[in-house]
Amino acid sequence: MTLKERDKKHLWHPLTQHQLHPESVAIVKAEGCTLYDEDGNTYIDAIASWYTCMYGHCNPYITKKVAEQMQTLDQVVFSSLTHEPAIKLSEALIEILPNNQQKIFFSDNGSTSVEVGIKMALQYHFNRGEKRNVLIAFEDGFHGDTFGAMSVSGLSVYNGPFEDFFIEVKRIPTPNGTNHDNILAQLNAISKTNAV
Ligand SMILES: Cc1ncc(COP(=O)(O)O)c(C=O)c1O
């Protein structure tokens, strides 16, 4: 059986309507910007998620460092424990962040980092004893597939069944170089409601 056939037996893929896209391309190898499928076809990876856009797939330096780290300390929960790789990364990030940003909170993917941001904002006001439960978000954004991230994303075909469960959001236009005054006016109007 091919990988494509084995895939179809048990796997669901994200953001995919399987009746419209019954087959996935089975990738067996990646190098630089090239992906190789099980039939010997090659593709340019123009999606380039994670770090692959900057450093290419299977970058020898990154794979070596990851392999070394996995043999020393593979994983440990980050609540009340810490380790040098995280400390070193936080120090490197602080170096390039503006001076008013001195704290780092690591998350594990794009969607959960948006959840973390939303929870931090809500908890800030909760701790101050203020009820704030409306978020402001740009129209037409995409922030991921968890509930908070879907709530602040522009409404898309993927979100339909879940909209009843969203956090309340007021949307403002995305800046395009000509609409700053309009956005500012909308922001001011929304902030006067005091719920955000
Ligand atoms: C702008 C943006 N934010 C958030 C996400 C969600 O990231 P993840 O898929 O790691 O949850 C994506 C994913 O494509 C993205 O492009």
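All of these numbers come straight from a predicted model, not from anything done at the bench.

About the thresholds
Residues numbered from 1 in each chain as written. Predicted model: local features only at pLDDT ≥ 70, side-chain atom pairs only at ≥ 80, totals over all residues. Heavy atoms only, no water. Helix = DSSP H or I, 4+ residues; strand = E, 2+ residues; numbered from the N terminus. Buried < 20%, exposed > 50% of the residue type's maximum accessible area, 1.4 Å probe, protein only. Contact = heavy atoms within 4.5 Å. Near = heavy atom within 4 Å. Polar contact = N/O pair within 3.5 Å; in protein donor to acceptor, adjacent residues only side chain to side chain. Areas by Shrake-Rupley, 256 points an atom, 1.4 Å probe, with all protein chains shown as cover. Nonpolar A, V, L, I, M, F, W, Y, C, P; charged D, E, K, R; others polar. Salt bridge = Lys/Arg side-chain N within 4 Å of Asp/Glu carboxyl O. Domains from an automatic or database assignment.

Caption draft 1: Spatial organisation of the side chain of H125. Structurally, H125 can be placed in helix α5 (residues 110-127). With relative accessibility at 17%, the residue H125 sits in the buried group. With sequence-adjacent residues up to four places away left out, H125 is seen in contact with E130 and R132.

Caption draft 2: Expanded view of the environment of N159. Mapped onto the secondary structure, N159 falls in the loop between α6 (147-152) and β5 (168-172). Residue N159 is classed as buried on the basis of its relative accessible area of 3%. Taking C-alpha positions, N159 is 21 Å from L11, a pair spaced 148 residues apart along the chain. The residues touching N159, leaving out its near neighbours within four places in the chain, are M150, G154 and F166.

Caption draft 3: Focus on the side chain of T52. Tracing the sequence through the fold places T52 in helix α2 (residues 52-55). For T52, a relative accessible area of 13% gives the class buried. Discounting chain neighbours no more than four positions away, the residues touching T52 are D45 and H57.

Caption draft 4: Representation of the site of the ligand within the structure. Inspection of the region around the ligand gives N109, G110, S111, F142, H143 and G144 as its neighbouring residues. G110 is positioned with one of its backbone polar atoms (N or O) 2.8 Å from an oxygen atom of the ligand. The separation between a nitrogen atom of the ligand and a polar main-chain atom of F142 is 3.4 Å. Relative to its unbound accessible surface of 390 Å², the ligand loses 46% to contact with the protein. By residue class, the composition of the shell around the ligand is one nonpolar, five polar and no charged.

Caption draft 5: Structural context of the pattern of salt bridges. Within the structure shown, the criterion is met by seven salt bridges. Note that K4 is salt-bridged to D39, the shortest N-O span being 3.7 Å. Here D39 lies in the loop between β2 (34-37) and β3 (42-44) and K4 lies in helix α1 (residues 3-10), a separation of 35 residues in the sequence. Judged by relative accessible area, K4 falls into the partly exposed class, the value being 22%.

Caption draft 6: Structural context of the domain arrangement of the protein chain. Under the domain assignment used here, the protein chain contains domain 1 (3-68), domain 2 (75-106) and domain 3 (110-191). Summarising the inter-unit geometry, the C-alpha centres of domain 1 and domain 2 are found 30 Å apart.

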